[in-house]
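Overview (structure and organization)
What follows is each chain in one-letter form.
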Amino acid sequence: MIRHSLREALLNLWRNRFMNLVAAFTIAVSLLVLGLFLLLAHNLGSVVAEVGSQVTVSVYLREEATEEQRDKLLQTLKGRAEVEKADYISPEAALEKFKKLFPAMREVAGELEENPLPASVEIRVAPGHRDPEALRSLSEEMKRLPGVDDADFDLPWVSRLRDVASMARTAGISLGGVVGLAAILTIASVIRMSIYTRQDEIEIQRLVGATRAYIAAPFLLESSLLGIVGGGLSLTALYAIYRRLAASQGSVAPFLQDLLTASFLPRSTMVLLLLLGLGAGALGGILSLRRISR
Amino acid sequence: MVELYHVNKDYGRAHHALMDISLEVEKGDFVFLTGASGAGKTTLLRLLFRQELATSGKIVVDGMNVSTLSIASVPRLRRRLGVVFQDFKLLPRRTVFENVSMVMEITGVSRREQRAKTYTVLEMLGLNHKVRSYPLELSGGEQQRVAIARALVNEPALLLADEPTGNLDPNLSWEIMTLFKTINIRGTTVLVATHDKDLITRMGRKVVTLEHGRLLAH
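Here the structure is a predicted model, which is why all the values come from computation and not from measurement.

What counts and how
Residue indices follow the written sequence of each chain, beginning from 1 at its first position. Chains carry letters and ligands carry numbers; both start at the beginning, A for chains and 1 for ligands, and go up in the order they are written. Per-residue local features of the predicted model are confined to residues with pLDDT of at least 70, and side-chain atom pairs are confined, for both listing and counting, to 80 or more; whole-chain, interface and lining totals are unaffected and use all residues. With hydrogens and water stripped out, all remaining heavy atoms of the structure feed into the side-chain values. Only DSSP runs of H or I with at least four residues qualify as helices, and only runs of E with at least two residues qualify as strands; both kinds are numbered from the N terminus onward. The globule rule is 2.2 Å times the number of residues to the power 0.38, and the radius of gyration it is compared with is taken over C-alpha atoms. Only protein chains enter the accessibility calculation, which uses a 1.4 Å probe. A residue is then buried if its area is under 20% of the maximum for its type, exposed if over 50%, and partly exposed in between. By definition, residues are in contact when any of their heavy atoms lie within 4.5 Å. Areas reported as accessible are Shrake-Rupley estimates using a 1.4 Å probe. Residue values count occlusion only from the protein chains shown. Note on charges: Lys and Arg go in the positive column, Asp and Glu in the negative column, and His and the chain ends are not counted at all. For this purpose, a charge sits on NZ of Lys, CZ of Arg, CG of Asp or CD of Glu. Salt bridge, as used here, is a side-chain nitrogen of Lys or Arg placed within 4 Å of a carboxyl oxygen of Asp or Glu. Note: two strands are recorded as paired if DSSP finds a minimum of 2 bridges between them. By buried area we mean the combined loss of accessible area, with a 1.4 Å probe, across both parts when two parts are placed together. Contacts described as polar in this section are N or O atom pairs within 3.5 Å, which, within protein, must combine one atom able to donate a hydrogen with one able to accept it, while residues neighboring in sequence count only if both atoms come from side chains. Asp, Glu, Lys and Arg are counted as charged, while Ala, Val, Leu, Ile, Met, Phe, Trp, Tyr, Cys and Pro are counted as nonpolar; the rest, among them Gly, fall into the polar class. Residues qualify for a patch when their relative accessible area is over 30% and they have no salt bridge, like charges being joined within 9 Å and the nonpolar side chains of Val, Leu, Ile, Met, Phe, Trp and Tyr within 5 Å. With axes taken as lines fitted to C-alpha atoms, and helix axes fitted only over the stretch in contact, angles between N-to-C directions fall between 0 and 180 degrees. By definition in this entry, angles of less than 35 degrees are roughly parallel, angles greater than 145 are roughly antiparallel, angles of 65 to 115 are roughly perpendicular, and the rest are oblique.

**What about the overall build of chain B?**
Scanning chain B from terminus to terminus reveals 7 helices and 10 strands. Over its C-alpha atoms chain B spans a radius of gyration of 17 Å, differing by no more than 12% from the 17 Å that the globule rule assigns to 218 residues. Projecting the C-alpha coordinates of chain B onto the three principal axes gives extents of approximately 45 × 40 × 30 Å. Relative to its 218 residues, chain B shows a buried fraction of 54%. Summarising the internal contacts of chain B: among those between residues at least 6 apart in sequence, 68% fall at separations of at least 24. With an accessible surface of roughly 10,100 Å², chain B has 48% of that area assigned to carbon and sulfur atoms. Between the centroid of the 29 positive side chains of chain B and the centroid of its 23 negative side chains there is a distance of 5 Å.

Right under this line is the structure:
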């Protein structure tokens, strides 16, 4: 029965291919909107994860700090219970790290005469001491030590990024949701039209004993397939945009470019987009079938 | 097999299509339902498979109370029947083969069995050379035979035929009746609505007459 319904569905999709393509496009657009924001959120998230974490306290050393002071600091730190690991990062190493995280900024960084980044000690906080309060008190304490310029338990721009990432995610979901609703309704009306044009056939099928499920199945499959196609289209478009951005040489804001192109979406998110397309299509189908309940 | 108790069918207040019909058709019977056009033959048949609902009265078909059937159970009733519609009701976008096999597709019969049975019944009706044609490519008589084929292919417990020989010449009509006789012998209850007096006389079966919506005493 599934095979028969599938054949029916594909046949009907092909018969009205123009209209169905339009419907698939509307789903594609909403998923593209969502996808773009998810892409942004994903890349921001990677940066955040790599650079900052709730388990790091960064201690910035003064320019004039001596080696002695530095060593003493490290020793003190290593003895403490809250400290799991303490690593010294030279200004050069810091610059390298920066250049690695933001490749598009490499040029900018290369043009600098002096390295503006300070030497720092990165403390990895031991488990059990990772709550905000403990981190705060640790960093406050660090600030008072000799040779230390400043200490922070989270790079300010990292928490900024984290906020932007979740904002992007929320914006994506809301915008995607609104456009998605329009897409679902479009699919519903496309399917409804498909049902109307086959009204006489449906009546005959009913008269010879077809159940509602038997008659409805091809339409439901039709709408779900539309949804998957829409999802596929959006992924293709998303990937094309992604490649385009990655290829363009620092045209727009280089920072933004890095932010969007560190990596493409993880496979799970791609599958999610496809499933959302499928779901939207199925919902559209169910919606239209409900109204034609006969 | 079919029982009607004081069945009425009205369309609006003025139009009484059927009035106080009480009728019994036993299992294995072969009954002709006759009457002038507009007497109510088609309406009566329609009530039996619930294409329409009776206004009042009780209808039992193959043990099922038609009026009180839930919407979900109606397909179950219809699958026990073979119906030949007066206007054929063929699917225009399907071939002759698909039109006939469809009723088996619906009940989940295997493809192999579908093919076998469809070819058999189409051969019985002289349509094997038209298997891949579409209804619109066929003459009225051929379309009628396809409709009959579809009604017979599932070997129904009850065959309801509304003017099944209307578009057929006398020889073909007689052949169809013979076919009906055969399946009746095999156990199918047959109820044929027709105003072909000749046929009725030649067949010599039980006759029920409708006049202006009422049953005449026979």
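**Section: the pattern of salt bridges**
Per the counting criterion, the structure on display carries 19 salt bridges over all chains. The partner of Asp87(A) in a salt bridge is Lys85(A), with the nearest N and O atoms 3.7 Å apart. In this structure, Arg198(A) engages Glu201(A) in a salt bridge whose closest nitrogen and oxygen atoms are separated by 3.6 Å. The pair formed by Arg198(A) and Glu201(A) is uniform in burial state, with each residue classed as buried. Each member of the salt-bridge network shares a partner with another, and the members are Glu8(A), Arg198(A), Glu201(A), Arg93(B) and Arg94(B).

**Structural notes on the pairing of strand E2 (residues 15–25) of chain B**
All names here are of chain B. Bridging between strand E1 (residues 2–11) and E2 involves 7 bridges; their strand directions are antiparallel. Its bridge partner being in E2, Tyr 11 is matched across the sheet by His 15. Adjacent in sequence and paired antiparallel, E1 and E2 are bridged by 3 residues, among which Gly 12 carries a positive phi angle near 70°.

**Considering helix H3 (residues 96–106) of chain B**
Most of H3(B) sits inside the fold, with 10 of its 11 residues counted as buried. Those residues of H3(B) lying buried are Val96(B), Phe97(B), Asn99(B), Val100(B), Ser101(B), Met102(B), Val103(B), Met104(B), Glu105(B) and Ile106(B). Buried-residue contacts for H3(B) involve helix H1 (2–15), helix H8 (199–207) and helix H9 (212–247) of chain A together with helix H2 (74–79), helix H4 (111–124) and helix H5 (140–152) of chain B. Backbone geometry just downstream of H3(B) places Gly108(B) in the positive-phi region, at approximately 75°.

**A short note on the interface of chain A and chain B**
The interface is formed by 18 residues belonging to chain A together with 18 residues belonging to chain B. In total, about 1,800 Å² of surface goes out of reach between chain A and chain B, with carbon and sulfur atoms giving 57% of it. Inspection of the region where chain A meets chain B yields 3 salt bridges. A salt bridge links Arg93(B) to Glu201(A), with the nearest nitrogen and oxygen atoms 3.1 Å apart. Viewed at the interface, chain B and chain A are joined by 5 residue pairs in polar contact (both at pLDDT 80 or more). At the level of secondary structure, the elements contributing two or more residues to the side of chain A that touches chain B comprise H1, H8 and H9 of chain A. The element best represented in the side of chain A that touches chain B is H8(A), accounting for 6 residues. Here the residues of the side of chain A that touches chain B are counted per class, giving 5 nonpolar, 5 polar and 8 charged.

**Things to note about a negative patch on the surface**
Residues and elements named next belong to chain A. On the surface, Glu 63, Glu 64, Glu 113, Glu 114 and Asp 149 cluster together into a negatively charged patch. Inspection of the secondary structure puts Asp 149 in strand E4 (residues 148–152). Asp 149 sits in the partly exposed class, given a relative accessible area of 48%.

**Examining the pairing of E1(B)**
Sheet topology note: the E1(B)/strand E4 (residues 56–61) of chain B ladder contains 5 bridges and is antiparallel. Looking across to E4(B), one finds that Tyr5(B) is bridged to Lys58(B).

**What about the sheet that holds E4(A)?**
All names here are of chain A. One open sheet holds the 4 strands; their spatial order is E2-E3-E1-E4, and the pairing between them is antiparallel. Whereas interior strands pair on both sides, the edge strands pair on one side only; in this sheet they are strand E2 (83–89) and E4. Across the sheet, the mean angle from the axis of one strand to that of its neighbour is 20°, orientation sign disregarded. Two strands pair when backbone bridges link them, and strand E1 (residues 56–61) and E4 are joined in this way by 4 bridges, in the antiparallel orientation. Bridging across to E4, Val 59 finds its partner in Ala 151. On top of the sheet, helix H3 (residues 67–79) reaches E1, E2, strand E3 (120–125) and E4; it is set at about 165° to E2, its chief contact. Strands E2 and E3 of the sheet are contacted by helix H4 (residues 91–101), whose axis makes an angle of about 95° with E2.

**Quick word on the packing of H8(A) against H9(A)**
Residue and element names in this part refer to chain A. The geometry of H8 relative to H9 is characterised by a closest axis approach of 9 Å and an angle of 150° between their N-to-C directions. In terms of axis orientation, H8 runs roughly antiparallel to H9. Contact residues: Ile 202, Gln 205 and Arg 206 in H8; Arg 212, Tyr 214, Ile 215 and Phe 219 in H9.

**A closer look at the sheet that holds E4(B)**
All names here are of chain B. Reading across the sheet, the 4 strands line up as E2-E1-E4-E5 and stay open at both edges, with antiparallel pairing between neighbours. Each having just a single partner strand, E2 and strand E5 (64–65) make up the two edges of the open sheet. Inspection of the sheet shows E4 paired to E5 by 2 bridges, in the antiparallel sense. Paired with Val 61 across the two strands is Met 64, which belongs to E5.

**Things to note about the side chain of Ser5(A)**
Positionally, Ser5(A) belongs in helix H1. Once you skip the residues sitting within four places of it in the chain, Ser5(A) turns out to touch Ala217(A), Pro218(A) and Leu221(A).

**A short note on a nonpolar patch on the surface**
On the surface, a nonpolar cluster with roughly 270 Å² of combined accessible area is contributed by Leu181(A), Leu185(A) and Leu287(A). Note on Leu185(A): relative accessible area 48%, which makes it partly exposed.

**Describing unusual backbone geometry**
Residue and element names in this part refer to chain B. Of note in this structure, Asp 20 is not a glycine but carries a positive phi near 50°. As for its placement among the helices and strands, Asp 20 is situated in strand E2. At Asp 62, a position not held by glycine, the phi torsion is positive, near 50°. Its relative accessible area of 21% is what places Asp 62 among the partly exposed residues.

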